4 protein chains.
Amino acid sequence: MAERAPYDLVLRGGQVVTASGVVTADVAVRDGKIAALGADLPAGRVERSAKGRYVLPGGVDSHCHVEQMTAAGIMNADTWESATRAAAFGGTTTIIPFAAQHRGMDLAEVVQDYHLRADRGALVDYAFHMIITDPSPKTVQKDLPALIRSGHGSIKVFMTYDPLIVDDAGILKLLQVAKAEGAQVCVHAESHDMIHWATARLLAEGKTAPRHQAESHPRLAEYEAIGRLIALAELVRHPVMIFHVSTAEPLSLIRDARARGATLWAETCPHYLFLTDAVMDKPGTEGAKWMCSPPLRTEADQAALWQALRAGDLDLVSSDHAPFRYDASGKLAAGPGATFKQMANGMPGLGARMPLLFDAAMRGRLTLPQVAELGAEAPARIYNLQDKGRIAPGADADLVLWNPEARTVLSDDTVQDGTGYTPYPGRDLIGAVEAVYLRGQPVVNEDRLQVQPGHGRFLPRGGGDAAIWQEKAV
Amino acid sequence: MAERAPYDLVLRGGQVVTASGVVTADVAVRDGKIAALGADLPAGRVERSAKGRYVLPGGVDSHCHVEQMTAAGIMNADTWESATRAAAFGGTTTIIPFAAQHRGMDLAEVVQDYHLRADRGALVDYAFHMIITDPSPKTVQKDLPALIRSGHGSIKVFMTYDPLIVDDAGILKLLQVAKAEGAQVCVHAESHDMIHWATARLLAEGKTAPRHQAESHPRLAEYEAIGRLIALAELVRHPVMIFHVSTAEPLSLIRDARARGATLWAETCPHYLFLTDAVMDKPGTEGAKWMCSPPLRTEADQAALWQALRAGDLDLVSSDHAPFRYDASGKLAAGPGATFKQMANGMPGLGARMPLLFDAAMRGRLTLPQVAELGAEAPARIYNLQDKGRIAPGADADLVLWNPEARTVLSDDTVQDGTGYTPYPGRDLIGAVEAVYLRGQPVVNEDRLQVQPGHGRFLPRGGGDAAIWQEKAV
Amino acid sequence: MAERAPYDLVLRGGQVVTASGVVTADVAVRDGKIAALGADLPAGRVERSAKGRYVLPGGVDSHCHVEQMTAAGIMNADTWESATRAAAFGGTTTIIPFAAQHRGMDLAEVVQDYHLRADRGALVDYAFHMIITDPSPKTVQKDLPALIRSGHGSIKVFMTYDPLIVDDAGILKLLQVAKAEGAQVCVHAESHDMIHWATARLLAEGKTAPRHQAESHPRLAEYEAIGRLIALAELVRHPVMIFHVSTAEPLSLIRDARARGATLWAETCPHYLFLTDAVMDKPGTEGAKWMCSPPLRTEADQAALWQALRAGDLDLVSSDHAPFRYDASGKLAAGPGATFKQMANGMPGLGARMPLLFDAAMRGRLTLPQVAELGAEAPARIYNLQDKGRIAPGADADLVLWNPEARTVLSDDTVQDGTGYTPYPGRDLIGAVEAVYLRGQPVVNEDRLQVQPGHGRFLPRGGGDAAIWQEKAV
Amino acid sequence: MAERAPYDLVLRGGQVVTASGVVTADVAVRDGKIAALGADLPAGRVERSAKGRYVLPGGVDSHCHVEQMTAAGIMNADTWESATRAAAFGGTTTIIPFAAQHRGMDLAEVVQDYHLRADRGALVDYAFHMIITDPSPKTVQKDLPALIRSGHGSIKVFMTYDPLIVDDAGILKLLQVAKAEGAQVCVHAESHDMIHWATARLLAEGKTAPRHQAESHPRLAEYEAIGRLIALAELVRHPVMIFHVSTAEPLSLIRDARARGATLWAETCPHYLFLTDAVMDKPGTEGAKWMCSPPLRTEADQAALWQALRAGDLDLVSSDHAPFRYDASGKLAAGPGATFKQMANGMPGLGARMPLLFDAAMRGRLTLPQVAELGAEAPARIYNLQDKGRIAPGADADLVLWNPEARTVLSDDTVQDGTGYTPYPGRDLIGAVEAVYLRGQPVVNEDRLQVQPGHGRFLPRGGGDAAIWQEKAV
């Protein structure tokens, strides 16, 4: 019966981590897929000991920006190559960045353009969320259905950020199309008008330094918009993914909505878990490094977010990687004297996400199965990446060996992405990535990149379960 | 490297179901353990095709009564042999019944006695929850710690049922010991005084027929007791398992407690999911067949419980199998003219639990991974049965082949347990158990039992995670 | 000491009803004010027995439309005279209708125009809420502060109804001005985009009859908008009055907001308490008589609203009188074949409000002190009508004698307002208005009007307590 | 018509404060009753200017202990004379202390005994709550109904304090009798078993000083017991009064219960509003002065309780006056080396309650109408003291003149009750009592007592509204 060729690769005797638990097992790979898990599996052409190592699924980062530029024209610091290099070195083998329509752009052309760039540059596998900012009839009725059918199973909408903002009528329209076509809808939920109001007051009071940016996004702005978004989704009866929850209060909205039968998902990001707005209190403009949107919050919020991850109220952790250099090409593009309003929001995160989560498990804040779930299995399942995120027979052999005895010290010197800085300088993490396999091939080994740009592949997908409103008992 | 002997058994090409998903894979068994999962695994001494079948983990029924008699002296209808035969035929390979101390009994002797009976009779594997009704100093300070250390990692307490009841002081004492020794505490949470008050009023009004038993357990009695229990657990900072939630209202208590950081678990049972109290409205005493405690409830409760299973607010589904014949040896022991108060509560469920859940998946109420989680993986994980409930390398090869094309019609004629009746007569279920393996050996095949009494083994275990209060962020 | 002139009027021996209770007392009036309450008061120039009668404060209807036309150009059926005649006959002696700015209108001119009309026509006293639909700089920075300072202490905003709608940025701006100037902000809170979405679907499905209007305002539209409004108010830290709550769900938003320290008020209207949308299921267009916004709801909502009145979650009951004839001059202006979208929303209510509330007290749904509170005392207090709504020394002698032995049967024939129909045809109410005094003078007596148009006076007022955010403990 | 004799007393031109507002008015008294309110009332035999003074209703203290001794045999420091002297000097003219049955006592005899003492000693009017600790058949079926019918319309139950405790079955029984007879049920709601558990642990750890008493009553003990009590009341469908809420969390239980239609009341006490447990951190045993039950709590609780008073979630403020001297006759009766467990709980409060509330109004924490409501009108209404608590025609002329220009400095030297100490030494209050009238007669004037012991009268009363469950909409 085992007349097949031998395995291409066998990782021997590692501690294999899935959302269900940790087992000691060999992992055998053939044709880029996981062929078998078990003890004493037959030999592979390549054999590697994983003894004393944890074998986790390759990370899936379902929210990260690898656009060329912002709506305001500020250059992102990353190319596809630099962004995916950071991902790979950080144990992430699949990313879902955005194909970003700006006002007036043709969505079909935008997506085509992103494909061209990604096809040339990506080191790891990828899919796209389509950012819709201009829900014109052509976009909504023609381009969007065609693109969803061609494997672009999710869209993203901003409730804030002029000129990206889509109003409630637009969201209803997009939810309706997404429901008809079976696509997932992701949303940046903050009240634009509240942020605008608060920002105007701060600037009028001369509070222009980066540290005031956190105040310019009132926590009520997140609470209100998430409540509104859930109501819109309930009206159309189509699920939503709530991006980057940063405060404690919306968690009760999420719980209550689920209790009454709503289908929705929610995520948070490492910077909300590991940083507070206190870090922005730096001289001059240096606080700008930590400006992001929604902004950093308080210790009480951190505690609530960790608890929500453990309790299942939040479903996954993404990076919201948004890379700008801390120089005139990025954060400081508006020159000296600029206010926080004129500085780009966002911080790098593709590389640090999985190491931070692994460290959290080593320190007992999460379990390792929770890390596998939050960092890989859940995003793959929710976004319908059917072969990704799991260590199971038939799945893509995206595997990361973690050495729990080693340490990873985050610093500006070792950053792999294009920003040149880390938001966590000096943080000493337990554990280190030892090797990264994508579809059975080494991508990173012994701290060296093993593949060329263009190695990554596009992952077409429908909306999957994420696009189905779970009705009450049949 | 694969110098080891060939596999003992390989199930080929089935749809393997775990909590993480469904994959097509061979399952190879050696020495009673799952040796490997994968495609095209080497041959086994025994080969069996699982094509077109779902391979689920053997069910784990973590709440069922196989005691000899009730506190009131009424005989249970089951021997260990009959109870575990029903389990096996229903796709359940592990049970956690009770070793039940009654007032005045010596706990150590009770447990020893149960071991003797189980050792002789069990067809499937088993552990015990120790029912404590007499938290005397000897029980609490001497017997209990010793028994926990010898592998009896959980205790059960009744908040109602004179003379089983343990008062709040007793629960605090037991939670304290459980915390010190690392044991899990399970609780039947209903307000004794409320039930007593409501019962007295019904009897005084001449409402003595079985159908009034449902009214005699006010839904407030469950709500109040669960609220109280959670507070007791929070005071001691030790988790609890809330047995058999039957109504909608306590779900918000569970959600709120988790939101503020409490560690707890909760279950429901098939009869609350598939029946309502309307079924008790039968002539004469026939309604007694459906008397259980807590009682059957309403359609709105059903809908809430299904939703809670899908949302993760409830962790598992157990049978609460409590077997009494519908004759003078059981339900009708008090003779003609008896009131509902004089009839034993409980209904059989060991055999029907997994078939009902599988059917629910076929009809879209749950997913198959949810069935694996709720019926096997979660109870094994929560009760620290480390080798049970999962289909993963190294786990016990407890495997059930389900044929989704066949049907199972429940009827009194086909019941395997000692009660002689089913609570679901005529119910036509999608799917049927085709074969059941325990530690790699067939227990049921082609509707025939394959093993002898005594085949089942005791599973010593500590409290595991279930005994640890998850503190907030470290 | 009592050298003063004798009283002008003494009502003898009535059951005087205030929010604090019911006492048997004479009420003495001098110079239009209540001079004394007590037993055996000295004689007045006019003496009237109130034995066997309840003496309630004159009703204060703080939400009613006496505009000339709607934004859509449809004529209101009432003049100031007809509207205030209906009020007077229904036991209401003070009204707060609107001075309604439409897009492009100059607010100062609008208010002046309304004063002219009211001055000539009013039979009872009045103040104005200023409807702002165009928060231009001149309106917001110049006219509004000046008008507030001249005694127009409240503004109203629509979150729905194109072209009346004010967006969230506009509401924040108006809250800010209201806070600075000490004015009260009242809001029609429904999500415009949700209503628009639902309406479009109904019309597309050919559901154009009036009874579908209720579906066109999803209950989620009210829930969402009230949640949003509360968040906006909390951001600015200035109170709001939530107009016409029609559904059950927002009540929890109101309770939660108050629990965390927010200052806000909320009202409902008689049609939500006494009618359901079932009444709209009439042949042809007759359902249009009951079209209002928010629309009529369900029996469960009714029960929740009554409970909220008793529990204090809702503060007052206003009529939202919005008068259109059921003919081509009003509801049917768009001609045959019109859809519900083309018919004016609103129903008459100035006359029926207090009789319905009095009847509710007679039937035990409310207490009489609650009727005094909800119908007179609370609206006067909340809107800072310092001399109105109370039966207390020094207050205006606005007094209504109610005969609890008589009946009032509502019918189209006896309607006093300009619409010519009642929403409650045939309803037989316990109790009847016997006499109505405004500032000590009879306005209605023995079913005859006693005064001429122009008798009513404008009541200048600041925002009062309603304009102050109650901070937490000092 | 005004042929009646002139008034006995007229207070001229004061600011008369009721729950509805503040008006300038004369208050005329005849035959002990308020005869009239108004401007320029006819002359009285006695005339007194109240210009520049606030005239409040005499305080009603509905929860205070004037028993002879505790269950533990420790002597209360007060006689009826000393307790009611403190009340009178503090502006309180009606008290509802307890007639306290201890285990084994005959309830009818207990009440008779209390009547004898009160009849001889009381300086102000009074009613009784009957403390039931022994719900024997004679007590419940015979004595209690007879006593309720003779004007003792309320009972009190302890859920903690061995041997006073009544278990849930007892509470259900008493609620049932109270419902049948129309009586009000008041409850000290703390979990006895939780307090017992926490106390044992503290003592075992050597934490025996008074300051640890606060820890010995876990806040969960109050939360749990209030939740349980509400459920018991909902089962019987009879209201309860929740005594002395001390923590924030139960407020949500109260709000939720009311939202679902439950009728209940709740109070707090000045020491929870003005003190925290930090005050107990004194050398030696001095902290014992502030030991009370439930114990003093945190600043966050204070803020929540103030907010709850303003929002109407708490209905009234009582003193829970429980007087023990800080010497061997009282707090220190167990001698040197005693633990907190051996010291009597309770602190004096009859005299300070109204001055503290008046001061709160002067400082803006409450309004004066709220003080009238919380301190007099609400307790009189809730406990059915029909002629008390209100300044309205026909009510008892219980009137207190407050001078807002004067100050009251609390100190051990000026205490009027028998304890000899104040819990608020040195606190400087805005406002002072200038004169106190009971049924029109001066009780205190110019800091001198004007009446003799025995002046107070018993106030027979039924349960009133307090005994009626408000059903949902009729």
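The subject of this paragraph is the overall build of chain A. Each helix and strand in chain A was counted, giving twelve helices and 19 strands. Taken over the C-alpha trace, chain A has a radius of gyration of 21 Å; the compact-globule value for 474 residues is 23 Å, and the two agree within 12%. Its C-alpha atoms give chain A principal-axis dimensions of about 70 × 55 × 40 Å. Residues classed as buried in chain A amount to 64% of the 474 residues present.

All names here are of chain D. Enumeration according to the criterion identifies 132 salt bridges over all chains in this entry. Taking the shortest distance from any N to any O, the salt bridge between D387 and K33 comes out at 3.1 Å. On the criterion of sequence distance, the pair formed by D387 in the loop between α12 (368-382) and β16 (399-409) and K33 in strand β3 (residues 33-38) is long-range, its members being 354 residues apart. On the basis of relative accessibility, which here comes to 27%, the residue K33 falls in the partly exposed class. For the salt bridge of R149 with E181, the shortest nitrogen-to-oxygen distance reads 2.6 Å. Here E181 lies in helix α4 (residues 168-181) and R149 lies in helix α3 (residues 137-149), a separation of 32 residues in the sequence.

Below, the discussion takes up the pairing of strand β14 (residues 264-268) of chain B. Residues and elements named next belong to chain B. Along β14, five of the five residues are buried, which leaves the element largely enclosed by surrounding structure. Here β14 shows two buried faces, one formed by L264, A266 and T268 and the other by W265 and E267. Taken together, strand β13 (residues 240-242), helix α8 (residues 250-259) and β14 constitute a β-α-β crossover, and its handedness is right-handed. As paired strands, β14 and strand β15 (residues 316-317) are joined by two bridges and run parallel to one another. Opposite E267, over in β15, you have L316 as the bridge partner.

Turning our attention to the domain arrangement of chain A. Residues and elements named next belong to chain A. Partitioning chain A into domains gives domain 1 (7-57 + 391-449) and domain 2 (59-370). Here domain 1 and domain 2 have C-alpha centroids that lie 27 Å from each other. Facing the 40 residues of domain 1 at the interface are 40 residues of domain 2. When residues of domain 1 are sorted by the area they lose upon contact with domain 2, Q416, Y421 and Y424 head the list and together hold 21% of the total. On inspection of domain 1 and its partner domain 2, the count reaches one salt bridge. D125 is paired through a salt bridge with R439; the nearest N and O atoms lie 2.5 Å apart. Here domain 1 is connected to domain 2 by eleven residue pairs in polar contact (both at pLDDT 80 or more). Breaking the side of domain 1 that touches domain 2 down by element, the ones donating at least two residues are β1 (7-18), β2 (21-30), β5 (54-57), β16 (399-409), β17 (428-438), β18 (441-445) and β19 (448-449). It is β17 that contributes the most residues to the side of domain 1 that touches domain 2, eight residues altogether. Its residues assigned to classes, the side of domain 1 that touches domain 2 shows 23 nonpolar, seven polar and ten charged.

Okay, the sheet that holds strand β13 (residues 240-242) of chain A next. All names here are of chain A. Spatially, β8-β10-β11-β12-β13-β14-β15 is the arrangement adopted by the seven strands of the open sheet, whose pairing is parallel. Only two strands of the sheet have a single partner each, and these edge strands are β8 (98-100) and β15 (316-317). Here β8 runs beside strand β10 (residues 129-131); their pairing, made up of three bridges, is parallel. Of the residues in β10, the one forming a bridge with F98 is H129.

Moving on: the state of the cysteines. All names here are of chain C. In the structure shown here, the tally under the stated rule is zero disulfides over all chains. Of all cysteine sulfurs in the structure, the one in C269 sits closest to C64, which takes part in no disulfide; the separation is 11 Å. In this structure C64 comes out as buried when scored by relative accessible area, which is 0%.

Residue P163 of chain A follows D162 of chain A across a cis peptide bond; omega there is 5°. Counting through the fold element by element, P163 of chain A comes out in the loop between β11 (154-158) and α4 (168-181). For D320 of chain D, which is not glycine, the phi dihedral falls at a positive 45°. Looking at where D320 of chain D falls in the secondary structure, it is placed in the loop between β15 (316-317) and α11 (353-362). When its relative accessible area of 10% is taken as the criterion, D320 of chain D is described as buried.

Bringing the pairing of β11 of chain A into the picture now. All names here are of chain A. The buried fraction of β11 is high, at five of five residues. Burial of the side chains of β11 extends over both faces: S154, K156 and F158 are buried on one face and I155 and V157 on the other. Relative to β11, β10 runs parallel, the two being bridged by two bridges. Residue pairing in the sheet places I131 in a bridge with K156 of β11. Following the backbone out of β10, through helix α3 (residues 137-149) and into the adjacent parallel β11, one traces a crossover that is right-handed. Summarising the sheet, β11 and strand β12 (residues 184-188) pair through five bridges and their orientation is parallel. Bridge pairing in β12 places F158 opposite H188. For the crossover that starts at β11, traverses α4 and ends in the parallel β12, the hand is right-handed.

Turning to the environment of P460 of chain A, a few remarks are in order. Residues and elements named next belong to chain A. Summarising the element assignment, P460 is placed in the segment after β19. Taking the C-alpha atoms as reference points, P460 and H152, separated by 308 residues in sequence, lie 6.2 Å from one another. Residues in contact with P460, not counting those within four places in the same chain, are S150 and G151.

All names here are of chain D. By the secondary structure assignment, D315 is in the loop between α10 (299-311) and β15. What makes D315 buried here is its relative accessible area of 16%. If we skip the residues at most four places from it in the chain, D315 touches R258, L264, W265, A266, L374, A378 and I382.

Turning to α3 of chain A, a few remarks are in order. Since there are 3.6 residues in each turn of an α-helix, residues three or four apart along the chain are aligned in direction. Residues and elements named next belong to chain A. Compared with an ideal rise of 1.5 Å per residue, which puts 13 residues at 18 Å, α3 spans 18 Å between its outermost C-alpha atoms and is within 8% of the ideal. The largest bend in α3 is about 40°, located at D143, with the proline P145 one to four residues further on. Restricting attention to buried positions, one finds in α3 the residues T139, V140, D143, L144, P145, L147 and I148. Where the residues of α3 are buried, they touch α2 (107-121), β10, β11 and α4. At the exit of α3 stands G151, carrying a positive phi of roughly 105°.

Attention shifts here to the arrangement of the chains. The least C-alpha distance between chain B and chain C, which are not in contact, is 15 Å. When C-alpha atoms are compared, chain A and chain D, though not in contact, are closest at a spacing of 15 Å.

Before going further, it helps to spend a moment on helix α5 (residues 192-204) of chain C. Here α5 of chain C is 13 residues long and its end C-alpha atoms lie 18 Å apart, about the 18 Å a rise of 1.5 Å per residue gives. Those residues of α5 of chain C that fall on the buried side of the exposure criterion are H192, D193, M194, I195, W197, A198, T199 and L202 of chain C. The inward-facing, buried residues of α5 of chain C contact α4 and α7 (219-236) of chain A together with α6 (213-216) and α7 (219-236) of chain C. Following α5 of chain C by one or two positions, G206 of chain C adopts a phi angle in the positive range, close to 80°.

Residues and elements named next belong to chain C. The seven strands lie next to each other as β8-β10-β11-β12-β13-β14-β15, forming an open sheet whose pairing is parallel. With partners counted over all chains shown, the strands left at the sheet margins are β8 (98-100) and β15 (316-317), one partner each. In the packing of helix α2 (residues 107-121) onto the sheet, the strands contacted are β8 and β10 (129-131), and the crossing angle to β8 comes to about 135°. Its contacts with the sheet place α7 against β12 (184-188), β13 (240-242) and β14 (264-268), and it is angled at close to 170° to β13.

Turning our attention to the side chain of K331 of chain C. All names here are of chain C. In this fold, K331 is placed in the loop between β15 and α11 (353-362). Among buried charged residues, K331 stands out as having no salt bridge; its nearest opposite-charge side chain is D320, 11 Å away. Within the local environment of K331, its side chain forms a polar contact with the backbone oxygen of A288, the two atoms lying 2.9 Å apart. For K331, the side chain forms a polar contact with the main-chain oxygen of A344, separated by 3.0 Å. Beyond its immediate sequence surroundings of up to four residues, K331 is in contact with A288, K289, M291, F324, R325, Y326, M343, A344, N345, G346 and Y421.

About the cut-offs
Residues numbered from 1 in each chain as written. Chains lettered and ligands numbered in written order. Predicted model: local features only at pLDDT ≥ 70, side-chain atom pairs only at ≥ 80, totals over all residues. Heavy atoms only, no water. Helix = DSSP H or I, 4+ residues; strand = E, 2+ residues; numbered from the N terminus. Rg over C-alpha atoms; globule rule 2.2 N^0.38 Å. Buried < 20%, exposed > 50% of the residue type's maximum accessible area, 1.4 Å probe, protein only. Salt bridge = Lys/Arg side-chain N within 4 Å of Asp/Glu carboxyl O. Right-handed = clockwise from strand over helix to strand, strands pointing away. Pairing = 2+ DSSP bridges. Domains from an automatic or database assignment. Contact = heavy atoms within 4.5 Å. Buried area = accessible area lost by both parts, 1.4 Å probe. Polar contact = N/O pair within 3.5 Å; in protein donor to acceptor, adjacent residues only side chain to side chain. Nonpolar A, V, L, I, M, F, W, Y, C, P; charged D, E, K, R; others polar. Disulfide = S-S within 2.5 Å. Expected span 1.5 Å × (residues − 1). Bend = angle between axes of the 7 residues up to and from the residue. Axes fitted to C-alpha atoms, helices over the stretch in contact; angles between N-to-C directions. Lys, Arg positive; Asp, Glu negative; His and termini not counted.

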